[in-house]
Amino acid sequence: MAAQSTAAPRSRPGSARRPAASHRTRGPRRVWSFLPQYLAISPFFLVFLGFALVPVLFTLYLSFQRWDGIGDMHYVGLEQYRFLISDRTFWLALSNTLIIWVLATIPMLFIALVIAAMLNSTRRLTAFYRIAYFVPSVTSLVAIAIFFFAVFSSQFGLVNAALHAIGLPAVPWMSNPWTIKVVIALLMTWQWVGYNAIIYLAGLQAIPTELYEAARVDGAGPVQSFFRITIPLLRPIILFTVVVSTVTGLQSFTEPQVMFGSNASTNPNSGGPGQAGLTVMLYFYHQAFDNNDFGYGAAISWALFLVIMLIVAVNWRIVARTDR
Amino acid sequence: MRRRLRSRGLALHALLALGVVLCMFPFYWTIVMATNTTEDIYRYPPKLTFGSQLLVNVHKVLQNIDLFRAMLNSLLVACTATFLVLLVDSLAAFSFAKYRFPGRNLLFGLLIGMYLLPTQMALIPQFVLMVKLGWVGSLKPLVLPSLANAFGIFWMRQYIVGAVPDELIEAARLDGCGFLRQYWHVGLPAIRPGLAFLGIYTYVSVWNDYVWPLVVLVNPDRLTLQVALSQLNTTHNTDYSMVMAGAMIAVLPLVLVFLLFARNFIADATKGAVRG
Amino acid sequence: MELSRRRFIQASALAVTGAAAAAACGKSSSGTSAAKSSTLTLWYWGGGLSDKVVADTVKHFTAVTLKPSVIGGDFKQKLLTTMTGGKFVPDITGIKGEDIAGFLPRADRFIDLNTLGADKLAASYLPWKWKQGSTTDGKLIGFPIDIGPTAMFYREDLFAQAGLPTDPAAVGSAVSTWDDYFALGGRLKQALPKTFLLNNSGSVFSMVVGQGTTRFIDQSNHFVGDQDHIRRAWDLALRPQQLGINAKINDNSWNAAVGNGTLGTEIGAAWHALDISSAAPKTKGKWRVAAGPGGPANIGGSFLAIPKTSGNPQAAFEIISWLLSPENQARGFTDAALFPSSPASYKLPALTAPDPFFGGQATIDIFGPAAQKIPVAYEAPADAAVAAPYYSELTSIEAKGKDPAAAWSDAVSQAKSIAQKQGVSV
């Protein structure tokens, strides 16, 4: 399940053979002989072009306009971006998003790795465990956000009741800016930890046990073999999960939107008390659909895209240090 | 030595069991909330046991939203999208994995770039596009854009590279099979577990999709489940027991179906991944 | 149960027929405007109209079929998206009071109700409300549903426990100024330490702003959110927290707080009674209504409008005018606490009857005079967007303990830049 680079796949006997008919022919003849393959990959590229690439480019175009959704568009140059740079709420949203992402992703992936390691060393009930851990990721996010919101309610939620039962003071989960982020991060962690654990498990099971035995013969302890064997071999998978978690985590929208509701007549979709739950996507939604400022919304989403690209590049650098 | 292994095994199982409890607890609690009244939920200390209000709450849910039709719509959209994704992605991935056509590396590199593009940001133009196509308010906008996700091709390509022996393809070719035949007779049977995993993944993500349907499903008679559920959630008078009853009805079928088939799917998927 | 090839084919056949079915369903018409359509859709939000009155309206009009839909979630977003999409636009739609100002500049997307005969009914409705739903050049876009005269709801039983006056008239005079109101809150807290005067500073802020005649943008489209009237509202809003009588509830725990005695009073509009009774039905009989501090304001109160794409505007208007006749508005009050915008309703028994939730008090005694004294202020289309930072900063002070002076300057500077962005002069 590793994210392969564009280099040729690992050599397997016979994979280099080309169809004899087009051996050594170049140019159009050769391209024509591969027509079925081009046709096979075209649906995806066509759909992507039409439904993803073109809209994304249109967003770029839109970010240079002022548009309220119903009327005409007015060209305004870089005004939206200029406003964006000085917009304190945007930077607040960005820092919220980053903090939530860090709070969620790092513990989640680590716990997933630990769970995968544990699952790998049990022999019984593995199927049961795997299903049980995987189920949260198939649950409706809307339902779970509502659930978390109710359970972490500042005054009357289950969590505070439990804390009270063991003598700890109640925590204002939904009013304190930090705890709000923690709750959102907990939600994301809960939902995806099992999913990532299953992926890591698959990777762990692909590592031949002979490597571990050889290491043990050489005198390596469990920790050493974990860091010298497991992690390097899992690196492509880890990179994959980190990238996926980054791309989805930085775009989080559903959790704060559902949690803090949108029916307030003053300040809808504002991310809760102190705007602590305002993520960039939620801010984008607020600007576009509450303030009818679609041009500004477009600028916000492009700023987010750039941030995502930056962070993915950094992730790549950190995790994929050795090229396989 | 054996005693140490046994106690370690027990500790392991204890930890894993704790994790299972944490994973499963929200479901249990959702059912508790769905079977009580909203005031029971606000009680302090909260009620932890089942109540008798389930039918009352379900009735309230059905009064407020057309839950079953929304589920049906979600089912329809998810099935269609999953089928299309499996078809398109497996064909494309098969081509990328097993055939060296000109420009393959370039196109695959393009794919990677496309994967990193967070298409959610293009919400507005996609909406405008749907307006131009006249698809707003129907279920169509939910199906095609889900095809534009490169993850499926990545996963399938990786899987196919390992799972489909080149010799079999070569043999098929020598037997006179064209590309489609090779795909059908050689490729498909070998990648069944990979298809299963991708199928679940796609089905679940289409089922749970929230933002896009929220924007594009303007016809109140034609909603998907997530959007319908969120309509139960109002800030002023949220009737939590009703909302949880709705959530329970929404979640349980998916979980049950998953539980029924997952044993095989996950086993196959991990088995298959091992081969890769 | 392996995924055999046969199942794959079965599944694909099923999916293909499914897709075909979806495609077929998608082609349903949305009320073509070619001929006058005989099915009209009505969109409103939960509590926006009385469901019983709506049901009766459906029965009353036999020539057309009225199809009401209660839209949950973000109503304005749904309406806007639908209007942009051009399909499935409702034939009659509700518009919330806080949104009407934003829709007036787009009057060309709606039908001027005066052209359908609304001008003949103008005299039956409160003039300032009528004006609120009209454009500056006299087109009526929104037909008045309800208004939101404000008052103070209080827990009579808790007041009695705290040794405070309990009779509505006495309470009303005891809290006639904001200072008096906060002083009473202090006494309440002293006697009942677990009970706060009010839920958050935002409610005070919006009330004081509403009690004035100028809001955040004046008639010449100039930003005035940094001037004394707003500053006064801000300072008043902060006082409860300084005095320790602010419950600082900005989330959904309000539902529980209002029921279990954490909140001793609630300041809000007449429709707020529905929120209280829905959240805390067990407190029936314990609440009363008294005249609120600082005089009345108007908060909320919505309209019905007819989008330009409506299939049968004349029939739609007949439906609206029937649905919002004084008698039916009175029923709206009984069913959904929608305070009528037609003065004729105030004398009807539905309005003058005692309200069991309020222990048999005839709340018209409070809301009626309040409705007469509501000050009228100009609300610019950008008003809501410009006001938002103030509320955000207030919750920041409550949630994060942000320094009030810094919060004020942040609110003003943000409001200014938003105003600029919306085309307001600063």
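Residues numbered from 1 in each chain as written. Chains lettered and ligands numbered in written order. Predicted model: local features only at pLDDT ≥ 70, side-chain atom pairs only at ≥ 80, totals over all residues.

Is there a simple way to explain the overall build of chain B in this structure?
When you go through chain B residue by residue, the secondary structure sums to 13 helices and 0 strands. Mapped from its N terminus to its C terminus, chain B presents α and β elements in the order α-α-α-α-α-α-α-α-α-α-α-α-α. In chain B, buried positions account for 58% of the 276 residues. Pairs at least 24 apart in sequence give 76% of the contacts found in chain B among residues at least 6 apart. (Helix = DSSP H or I, 4+ residues; strand = E, 2+ residues; numbered from the N terminus. Buried ≥ 20, exposed ≤ 12 C-beta atoms within 10 Å, placed from the backbone. Contact = placed C-beta atoms within 7 Å.)

What am I meant to see in the sheet that holds strand S8 (residues 287–290) of chain C here?
Sheets are built from strands paired through backbone hydrogen bonds, the pairs being either parallel or antiparallel. All names here are of chain C. Read across the sheet, 3 strands follow the order S7-S6-S8 without closing on themselves; strand pairing throughout is antiparallel. The sheet is open, and its two edges are formed by strand S7 (265–269) and S8, each paired on a single side. Sheet twist, expressed as the mean angle between neighbouring strand axes with direction ignored, is 30°. Pairing geometry for strand S6 (residues 150–155) and S7, over 5 bridges, is antiparallel. Looking at the pairing, Ala-151 lines up with Gly-268 of S7. Sitting on the sheet, helix H12 (residues 272–279) is in contact with S6, S7 and S8, with an inclination near 135° to S7. (Pairing = 2+ DSSP bridges. Axes fitted to C-alpha atoms, helices over the stretch in contact; angles between N-to-C directions.)

Looking at this model, I keep getting lost on the sheet that holds strand S2 (residues 65–70) of chain C. Mind explaining?
Residues and elements named next belong to chain C. If you walk across this open sheet you meet the 5 strands as S2-S1-S3-S9-S4, and the pairing is mixed. The sheet is open, and its two borders are formed by S2 and strand S4 (143–144), each paired with just one other strand. In this sheet, strand S9 (residues 303–305) lies alongside strand S3 (residues 92–95) in antiparallel orientation, the contact comprising 3 bridges. Counterpart to Thr-93 in the pairing with S9 is Ala-305.

Would you mind going over the domain arrangement of chain A with me for this structure?
It is common to report an interface's size as the accessible area lost on association of the parts. Domain annotation of chain A identifies domain 1 (27–62) and domain 2 (87–319). With centres defined by C-alpha atoms, the gap from domain 1 of chain A to domain 2 of chain A works out at 33 Å. (Domains from an automatic or database assignment.)

Would you explain helix H12 (residues 280–290) of chain A in this entry?
Given 3.6 residues per helical turn, the α-helix brings residues three or four places apart onto the same face. The buried count for H12(A) comes to 11 of 11 residues, which makes it a mostly enclosed element. Residues Val280(A), Met281(A), Leu282(A), Tyr283(A), Phe284(A), Tyr285(A), His286(A), Gln287(A), Ala288(A), Phe289(A) and Asp290(A) constitute the buried set of H12(A). For H12(A), the elements touching its buried residues are helix H4 (88–121), helix H11 (254–260) and helix H13 (294–319) of chain A, helix H6 (123–133) of chain B together with helix H3 (75–85) of chain C. The positive-phi residue at the C-terminal boundary of H12(A) is Asn292(A), with phi of around 55°.

Whenever I open this one, the pairing of strand S1 (residues 39–44) of chain C confuses me. Can you help?
Each regular strand displays side chains that alternate between the two surfaces of the sheet. All names here are of chain C. Most of S1 is tucked away: 5 of the 6 residues are buried. Note: S1 against S2, 6 bridges, orientation parallel. Its bridge partner lying in S2, Tyr-44 is registered against Val-70. In this fold, S1 hands off to helix H2 (residues 51–60), which returns the chain to S2; that crossover is right-handed. In terms of strand pairing, S1 meets S3 through 2 bridges, oriented parallel. Looking at S3, one finds that Leu-42 is bridged to Ile-92. (Right-handed = clockwise from strand over helix to strand, strands pointing away.)

I tried to follow unusual backbone geometry on my own but got confused; where do I start?
Both trends apply: most residues other than glycine have a negative phi, and most peptide bonds are in trans. Residue and element names in this part refer to chain C. Here the phi dihedral of Asn-221 falls at roughly 60°; this positive angle occurs in a residue that is not glycine. On the secondary structure map, Asn-221 appears in the loop between helix H9 (201–210) and helix H10 (228–243). With a phi close to 55°, Ala-337 is a non-glycine residue in the positive phi region. Relative to the elements of secondary structure, Ala-337 occurs in the loop between helix H14 (326–336) and strand S10 (339–340). Taking the number of C-beta atoms within 10 Å as the measure of exposure, Ala-337 has 24 and is therefore buried.

What am I meant to see in the packing of helix H3 (residues 79–86) of chain A against H13(A) here?
Axes are the key here: two packed helices are described by the angle between their axes and the distance separating the axes. All names here are of chain A. Where H3 meets H13, the axes come as close as 9 Å, and the angle between the chain directions of the two elements is 65°. Two packed elements cross with a definite hand, and for H3 against H13 that hand is right-handed. Contacts between H3 and H13 involve Gln-80, Tyr-81, Phe-83 and Leu-84 from the former and Gly-295, Tyr-296, Ala-299, Ile-300 and Ala-303 from the latter. Among the residues forming the contact of H3 with H13, the class breakdown is 7 nonpolar, 2 polar and no charged. (Left-handed = near helix turned anticlockwise from the far one by under 90°. Nonpolar A, V, L, I, M, F, W, Y, C, P; charged D, E, K, R; others polar.)

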